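Letter by letter, the chains look like this.
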Amino acid sequence: MMNPFNYSYPVNVYFGEGAAAKNMPAELSKVGKNVLLAYGGGSIKKNGVYDEMIKILKDAGKTITEFTGIMSNPTYDKVQEGTKLAKDNNIDFILAVGGGSVIDCCKIVSAQANLSEDIWEFEYSKGKRPEEFIPMGAVVTAFGTGAEMNNGAVITNTEKMMKSALWGAFYSFAVLDPAYTMSMPMGQVISGAFDSLSHSMEIYMGSPRDTNLSDEINVATQRNIIRNIRATLKNPDDVHARSELMWAAAMAENGILKIGKATDFQCHMLEHQLGAYTDCNHGQGLAVLHPVLYKHYLPEATQQFAQLATEVWGIDPKGKYESELAEEFIEALSNFIKKIGLPTTFAEMGIGDGTDFEAIAKSTIRTGGCVKKFTDEELLKVLNECK
């Protein structure tokens, strides 16, 4: 039976080509004059998105302050930089334009700007959550994380050597225009899409583990991601496949798949700490870790793996034990990762033996809904097997 739940969803989603020009003027009319325009390394200036956003903002009569250079693994220092800009310029509204890193960073800027104390200590030492925020909107140009769909952010605290979740604001609206993603490098497309698949698997592996509607929707989402990764690799100009992947990323993080579930996300927690120590690509790290970690889930996850084998990967169950199907699921996932060009070892990612894997294992958060409760020693073994 599913766990008791309350479900509400505050983000107004505008999906489709031309969604920004059609819908943002009305949204911007609801907010103040001073806007913080946040983005990353400048790719939006090459693909025309920057010029479009500037025009929309100026046509709405907004005064623009730019917050630029948000990195792929946003740091706590970068959050504080954005917070200072917000305070110094009396920012009324934040417009985040980019992928998950930009979108996550702005969630915490939005909260920290209205908080008189350090948000990391406020959340981790005092166990509190901020309640006042600068309103925000997101324009997604790189899909995969689904960050625009929730109020959680993954931030790297370089001083504490922690890449961890902080809780900020929900976006009041999100623009999902598949056309904006067409200039994404293929490696980023596939890495991001695998992150979406990972989100779905991590949710599915949580509890309860008997048949429920959330998991049945989840299975369909996983099949969709796998099919459209293949379609995108076959034809990089397939806008339909990009559209599907963009919405699948949102579905994996808008809470629907999590209804009535306590999620797993142990692979994500381990990858986050790997990222804290190596600044590695998130989707690539997940691709290396998942098959190895899942081998350590046997036999605790035999039933779920067997279900994924048949329902997601289409493996014929006839004449096979559940344990055989579980192993075939891991094999199918491993083969898929190789075929779509993602790395299968840390060595392929440039992560060497000099990495402090013991510290990574010890500092990894253990999540509540896990199939298996890992010790430091077991997580260290997983990391060593990934080398």
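Since we're looking at a predicted model, the values are computed, not measured.

*Asks:* Provide a residue-level description of the packing of helix H12 (residues 302-311) against helix H13 (residues 322-339), including the pertinent values.
*Replies:* Across the interface, H12 lies against H13 with an axial gap of 7 Å and an inter-helix angle of 65°. Considering the relative orientation of H12 and H13, their crossing is left-handed. Residues Thr302, Gln303, Phe305, Ala306, Leu308, Ala309 and Thr310 of H12 form the contact with H13, whose own contacting residues are Glu322, Ser323, Leu325, Ala326, Phe329 and Ile330.

*Asks:* Before we move on, could you go through the nonpolar core and cite the residues and values that matter?
*Replies:* Counting 99 residues, the largest nonpolar core has Phe329 and Phe346 as the members making the most contacts within it. For Phe346, the residues in contact, after removing those within four places along its chain, are Leu274, Val288, Leu289, Ile351, Phe357, Leu383, Cys386 and Lys387. Of all hydrophobic cores here, the second largest spans 23 residues; its members include Leu28, Leu37, Ile56 and Val97.

*Asks:* An account of empty space enclosed by the protein is requested, with residue identities and associated values reported.
*Replies:* Scanning all chains against the criterion turns up one cavity of 30 Å³ or more. A volume near 40 Å³ is recorded for the largest cavity. Lining of the largest cavity is provided by Met162, Lys163, Ser164, Met269, His272, Gln273, Ser363 and Ile365. Elements with a minimum of two residues in the lining of the largest cavity: strand E7 (162-167) and helix H10 (266-278). Its residues placed into classes, the lining of the largest cavity shows three nonpolar, four polar and one charged.

*Asks:* Which residues make up the pairing of strand E4 (residues 93-98), and what are the values?
*Replies:* The side chains of a regular strand alternate, residue by residue, between the two faces of the sheet. With respect to burial, E4 is a largely interior element, six of its six residues being buried. Side-chain alternation along E4 places Phe93, Leu95 and Val97 on one buried face and Ile94, Ala96 and Gly98 on a second face that is also buried. Note: strand E2 (residues 34-38) against E4, four bridges, orientation parallel. Across the sheet, residue Leu36 finds its bridge partner in E4, namely Ile94. The sheet contact formed by E4 and strand E5 (residues 136-140) spans five bridges and is parallel. Bridged to Leu95 within E5 is Gly137.

Thresholds applied
Residues numbered from 1 in each chain as written. Predicted model: local features only at pLDDT ≥ 70, side-chain atom pairs only at ≥ 80, totals over all residues. Heavy atoms only, no water. Axes fitted to C-alpha atoms, helices over the stretch in contact; angles between N-to-C directions. Helix = DSSP H or I, 4+ residues; strand = E, 2+ residues; numbered from the N terminus. Left-handed = near helix turned anticlockwise from the far one by under 90°. Contact = heavy atoms within 4.5 Å. Core = buried A, V, L, I, M, F, W, Y, C linked by side-chain atoms within 4.5 Å. Buried < 20%, exposed > 50% of the residue type's maximum accessible area, 1.4 Å probe, protein only. 1 Å grid on protein atoms, 1.4 Å probe; cavity = no way out; pocket = protein on both sides within 12 Å on 5 of 7 lines; lining within 4 Å. Points joined across faces, edges and corners; volume = space filled by probe spheres on them. Nonpolar A, V, L, I, M, F, W, Y, C, P; charged D, E, K, R; others polar. Pairing = 2+ DSSP bridges.

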